[in-house]
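Single-letter residue listing:
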Amino acid sequence: MPSASFTASRSYVRRSRRKTGANRIPTPSRTTNEPCESTCPVQIAPAPPIPGSSSTPNQAAPPAQGGSGASPLGGPLAAHQSPYDLRRKSPQHHGGADGAGVPGPSTSAATACGAPASPSCSSGGASGSGYSSAMLPARKRPRRTCSASYETCTNTAAHYLQYELPDEVLLTIFNYLLEQDLCRVSQVCKRFNVIANDTELWKRLYQSVYEYDLPLFNPAPCRFEFISPEESELANPWKESFRQLYRGIHVRHGYQELSFKGRNLVYFNTVQGALDYADERSSSNSTTGAVTGSCASSHSSESGSDAQQGALIFLHTGTYRGEFLVIDSDIALLGAAPGNVAESVILERESESTVMFVEGAKYAYAGHLTLKFSPDVTSTVPHHKHYCLEVGENCSPTVDHCIIRSTSVVGAAVCVSGVGANPAIRHCDISDCENVGLYVTDYAQGTYEDNEISRNALAGIWVKNYANPIMRRNHIHHGRDVGIFTFDNGLGYFEANDIHNNRIAGFEVKAGANPTVVQCEIHHGQTGGIYVHENGLGQFIDNKIHSNNFAGVWITSNSNPTIRRNEIYNGHQGGVYIFGEGRGLIEHNNIYGNALAGIQIRTNSDPIVRHNKIHHGQHGGIYVHEKGQGLIEENEVYANTLAGVWITTGSTPVLRRNRIHSGKQVGVYFYDNGHGKLEDNDIFNHLYSGVQIRTGSNPVIRGNKIWGGQNGGVLVYNGGLGLLEQNEIFDNAMAGVWIKTDSNPTLKRNKIFDGRDGGICIFNGGKGILEENDIFRNAQAGVLISTQSHPILRRNRIFDGLAAGVEITNNATATLEFNQIFNNRFGGLCLASGVQPIIRGNKIFNNQDAVEKAVSNGQCLYKISSYTSFPMHDFYRCQTCNTTDRNAICVNCIKTCHAGHDVEFIRHDRFFCDCGAGTLTNQCQLQGEPTQDTDTLYDSAAPMESHTLMVN
């Protein structure tokens, strides 16, 4: 008989034929002679009648050669045909009477069937092809007259099985067959083939052997996957899976002594017994041992490798304790159980490693298992080198869909160690271990994908000593230590991992380690996100780092990582924290929404910070303190709650080509001896000043554009210093530069223009050296010097101002040398009473002298100043009108509006006329309707000083 085959055919769809009492399935169209086609047989004795039918004398011939048998319905058969007869094609026809009783083309069918020719046995074709009607499909045959000769022809066992027996009965019979017999019977005829490939039939058979709820396939080397029948493109996925897995060895308790007719499977009670059998079979080079579903055979067929085919071993439901499994060949170990397979198949040891892969296990596989290492806590045997799963040198097994647990308080649950160790560990659950989850060391590599690593007592993953694994899409969370720890020159490529809720950092790099971490999400750490220290390196690219309790990234102790294109946000403290001589390249990151500074640099740290967006922080943008350094260039720092950049306590960073804007306080804030360089930056649109310098700070501010400050451009106060050189300071709501309270900056070659207040205001003891600046088109005085201040102005050009060029008042003085003061509206140099500056070589020319002209023309000075300017001239107080110390009246109003009153000369100084402003009792006769009370506008408003919170 032909050998059995698992070749899949089209699935059988059961069709009910319950018409006129018949119960059959249609047979194929008779276009060719298929194995299930039956012609009216000749040269064989007619079979006895089916029980219940009438017998005839001409049915008493002896049985045909080859035997006897039983009717499918239980009745005796006088003749029984072998399966070969069932597959026989239509008999050949020979002409003439010497054909040994075989009729020729012209011979009546009655010669062969023992009955006269009738429609029941006549040609089946319209053209008279010579086939009898018995060869027609059941649905096309005419109702029989049940003549004795017809029944003799048709009531053979073959005919009955192929045409008459109901489908349900055949399915019931086939349900008792095992896989090999089922394959054989499927080759009898087309009808049997269709029914024998019934998917439910193979599902029941498959689950009795493998126990799986879904078909398991082996589509690629060392890869097994379950596919739902509804999603499979195969006609019968259960049968195809059966075929792929059939040569496997089974470890199933109680089955070793059993034998099954029609089944060629090997059973063992122990895993070691199955491994020994596989080794023996492999060493004898028996082709029986070649497993279609094994990794080695698949790899060999696809890649052309000469790798020896390995065995496939199924471990059925149960707990296997105490077996010492050392895998040194290309075997595949698979759990086999219903439901969650791995939970039902457990390998457990209490001493030494549970499963070891060693050299020779190049294409080995372990999948859908639970591996446990549970050492006796009272044992004195050290377990620091024993693991639940161990992968040694020069082997590359695949471990897939396994549950791995270890209660050892030392070592690790999984250890991959040594040159050439290159496993693939996928879809495994390494959790609840009392030590490290996964430990990769000593030049080992490997691919680790889609694993669940959680709730381990120590780190989720250790990578050490030049190990260089690839880890993708792992879920590493809720560890009682760090999530991933690379140290002692560990390497690795970490991509798209989800790392969160670990007690220490999500990712730690130490002692020369140099990992690459890309597209990971590192969040909700109970301390920080990434911690790089003690000469750590690493590349952190395109990650999301957020919602950590401490800083998103820590860099310290001479570490020098690259932090690039990350999203660092919503930290409960800062974004990036660089301290303790840390370095690093911080570039192209989006840093926002952090509770403290977006980037903090302190204690001699010297990073490069460039091309970042640092914004919407709940605190400041960049904070450099305690002798921090750094090159900070081409960043955009904006919309932070406090200062955009703080520089303090001996720090000396260099800021170049940054855009620092739209802050809710100061743009750049130097205080408490903060130094550094601020070059070529755009600093604009802050609610406070663009730049503030105080308390001994001495920065170099060069080549910047500072505009749109609501509290001025630059404020230097409380002993601030600094060199401001070649800056453009314009369009600020108050003075372009404020210098006050004993501050002493140097301003050289700046352009200070279009201010909505004065150009430079110096008061309250302010000093400073102003050299070669262009100060023009400001709304108030180009330079206002007041209240005991004493600056030096040298070689400046002060022109086109909307008020005076230089005004000195309130007991201030100044040294003015070689300045050019021209084309200012109120006048060139205006000195209040008692002011005696040092004046040398100045050119004061072509000023509009609007104040003198208004006085000469008898106008109220308020007409030229309104309440926004403060022209300098003689001002008086009217005792008759009971004016206060805050009121002043210009000379023309005294002459006209207060003529005959008791008046008092105050001084020559900066006022506007309260009479003209309409704030006195009597209406001004020289001015129109009063505008508003302007008592509060006596002088230029003082700038707001920053009280930014200092956080270490």
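Please refer to the structure placed before this passage.
Rules used throughout
- Residues numbered from 1 in each chain as written.
- Predicted model: local features only at pLDDT ≥ 70, side-chain atom pairs only at ≥ 80, totals over all residues.
- Heavy atoms only, no water.
- Axes fitted to C-alpha atoms, helices over the stretch in contact; angles between N-to-C directions.
- Helix = DSSP H or I, 4+ residues; strand = E, 2+ residues; numbered from the N terminus.
- Left-handed = near helix turned anticlockwise from the far one by under 90°.
- Contact = heavy atoms within 4.5 Å.
- Nonpolar A, V, L, I, M, F, W, Y, C, P; charged D, E, K, R; others polar.
- Buried < 20%, exposed > 50% of the residue type's maximum accessible area, 1.4 Å probe, protein only.
- Pairing = 2+ DSSP bridges.
- Patch = residues over 30% accessible without salt bridge, like charges linked within 9 Å, V, L, I, M, F, W, Y side chains within 5 Å.
- Areas by Shrake-Rupley, 256 points an atom, 1.4 Å probe, with all protein chains shown as cover.
- Salt bridge = Lys/Arg side-chain N within 4 Å of Asp/Glu carboxyl O.
- Phe/Tyr/Trp six-rings, centres within 6.5 Å; stacked < 30°, edge-to-face > 60°.
- Lys, Arg positive; Asp, Glu negative; His and termini not counted.
- Charge placed at Lys NZ, Arg CZ, Asp CG, Glu CD.
- Expected span 1.5 Å × (residues − 1).
- Polar contact = N/O pair within 3.5 Å; in protein donor to acceptor, adjacent residues only side chain to side chain.

A.B. asks: Outline the packing of helix α8 (residues 199-210) against helix α9 (residues 237-245), listing residues and values.
C.D. replies: In the contact formed by α8 and α9, the axes pass within 8 Å of each other and the chain directions differ by 35 degrees. Handedness of the α8/α9 crossing: left-handed. Contacts between α8 and α9 involve T199, W202, K203, L205, Y206, Q207, V209 and Y210 on the former and, on the latter, W238, K239, S241, F242 and L245. When its residues are assigned to classes, the contact of α8 with α9 shows 8 nonpolar, 3 polar and 2 charged.

A.B. asks: Can you explain the pairing of strand β21 (residues 436-441)? Please cite residues and give values.
C.D. replies: Counting buried residues along β21, 6 of its 6 residues qualify, which places the element largely inside the surrounding structure. Bridging between strand β18 (residues 412-417) and β21 involves 5 bridges; their strand directions are parallel. By the bridge assignment for β21, C415 is matched with Y439. Bridge analysis of β21 against strand β24 (residues 461-464) gives 3 bridges, and the strand direction is parallel. Considered in β24, the bridge of V440 is made with V463.

A.B. asks: Explain the environment of V851 to me, using residue names and the numbers behind them.
C.D. replies: With respect to the helices, strands and loops of the structure, V851 is situated in helix α13 (residues 850-856). For the pair V851 and L861, spaced 10 residues apart in the sequence, the C-alpha separation amounts to 6.9 Å.

A.B. asks: Requested: an account of unusual backbone geometry, with residues and values cited.
C.D. replies: The backbone phi angle of T603 is positive, close to 45 degrees, even though this residue is not glycine. According to the relative accessible area criterion, T603 is partly exposed, its value standing at 23%. With a phi angle near 60 degrees, S662 is a residue other than glycine that sits in the positive phi range. Inspection of the secondary structure assignment puts S662 in the loop between β50 (659-661) and β51 (668-671).

A.B. asks: Describe the pairing of strand β60 (residues 737-740), naming the residues involved and giving the relevant values.
C.D. replies: Taking every second residue as pointing to the same face, both faces of β60 are buried, with V737 and I739 on one and W738 and K740 on the other. Inspection of the sheet shows strand β57 (residues 714-717) paired to β60 by 3 bridges, in the parallel sense. Looking across to β60, one finds that V716 is bridged to I739. Sheet topology places β60 next to strand β63 (residues 760-763); 4 bridges connect them, and they run parallel. Counted as the bridge partner of V737 is I760 from β63.

A.B. asks: How would you summarise the sheet that holds strand β77 (residues 903-910) if you had to cite specific residues and measurements?
C.D. replies: The 3 strands lie next to each other as β76-β75-β77, forming an open sheet whose pairing is antiparallel. Both outer strands of the open sheet, β76 (889-890) and β77, are each paired with one neighbouring strand and no more. Relative to β76, strand β75 (residues 872-878) runs antiparallel, the two sharing 2 bridges. What sits directly across from F875, in β76, is C890.

A.B. asks: Please give an account of a nonpolar patch on the surface that cites residues and values.
C.D. replies: On the surface, V419, Y443 and Y466 cluster together to form a nonpolar patch covering roughly 310 Å² of accessible area. As for its placement among the helices and strands, Y466 is situated in the loop between β24 and β25 (470-472).

A.B. asks: Any chance you could break down the packing of aromatic side chains for me, citing the residues and the numbers?
C.D. replies: A complete count under the given rule lists 38 aromatic pairs for this structure. Ring geometry for F174 and F192: centres 5.7 Å apart, planes at 80 degrees, overall edge-to-face. Taken as a pair, F174 in helix α5 (residues 167-174) and F192 in helix α7 (residues 190-196) lie far apart in primary sequence, 18 residues in all. Comparing F174 with F192, the two get one shared label, buried. A centroid spacing of 5.5 Å and a plane angle of 10 degrees characterise the contact between W707 and F730, whose relative ring orientation is stacked. A residue pair is termed long-range when its members are at least 10 positions apart, and W707 in strand β56 (residues 705-707) and F730 in strand β59 (residues 728-730) qualify at 23 residues.

A.B. asks: A description of helix α4 (residues 157-164) should follow, citing residues and the corresponding values.
C.D. replies: With 8 of its 8 residues buried, α4 lies for the most part within the structure. Within α4, the full set of buried residues consists of A157, A158, H159, Y160, L161, Q162, Y163 and E164.

A.B. asks: Provide a residue-level description of a negative patch on the surface, including the pertinent values.
C.D. replies: Together, D276, D279, E280 and D328 make up a negatively charged patch on the protein surface. The topology assignment puts D279 in helix α10 (residues 271-283). The partly exposed category is assigned to D279, whose relative accessible area is 36%.

A.B. asks: Describe in detail the side chain of S547, supporting the description with residues and values.
C.D. replies: Among the structural elements, S547 can be located in the loop between β35 (544-546) and β36 (553-556). Those residues in contact with S547 that sit more than four places away from it in its chain are H524, G525, Y569, N570, G571 and H572.

A.B. asks: Tell me about the pattern of salt bridges, and name the residues and values.
C.D. replies: This structure, assessed with the given rule, holds 39 salt bridges. The partner of R610 in a salt bridge is E587, and the shortest N-O contact between them spans 2.8 Å. A residue pair is termed long-range when its members are at least 10 positions apart, and R610 in strand β43 (residues 608-610) and E587 in strand β40 (residues 585-587) qualify at 23 residues. Among the residues examined, E587 registers a relative accessible area of 6% and is labelled buried. The salt bridge involving R702 is made with E679; its shortest N-O contact spans 2.9 Å. Placement of R702 in strand β55 (residues 700-702) and of E679 in strand β52 (residues 677-679) is noted, with a sequence separation of 23 residues between them. Classification of R702 by relative accessible area gives partly exposed; the value is 26%. Connected through shared salt-bridge partners, R656, E679, R702, E725, R749, E772 and R795 make up one network.

A.B. asks: Mind laying out α10, listing which residues take part and the relevant values?
C.D. replies: An α-helical turn contains 3.6 residues, so any two residues separated by three or four positions project in the same direction. For α10, built from 13 residues, the straight-helix expectation of 18 Å at 1.5 Å per residue is met to within 8% by its first-to-last C-alpha distance of 18 Å. Buried within α10 we find V271, G273, A274, L275, A278 and R281. Here α10 starts with a cap whose side-chain oxygen sits 3.0 Å from the backbone nitrogen of G273, and that cap is T270.

A.B. asks: Run through the side chain of T809, naming residues and quoting values.
C.D. replies: Tracing the sequence through the fold places T809 in the loop between β69 (804-808) and β70 (815-817). With relative accessibility at 2%, the residue T809 sits in the buried group. In contact with T809, other than residues within four places in its own chain, are L784, I785, S786, T787, A832, V835, M872, D909 and R910.

A.B. asks: Before we move on, can you summarise the environment of V345 with the specific residues and values?
C.D. replies: Within the element layout of this structure, V345 appears in strand β11 (residues 345-349). For the pair V345 and L369, spaced 24 residues apart in sequence, the C-alpha separation works out to 5.4 Å. Contact partners of V345, with chain neighbours within four places excluded, come to L315, H316, T317, G318, Y320, G335, A336, A337, H368, L369 and T370.

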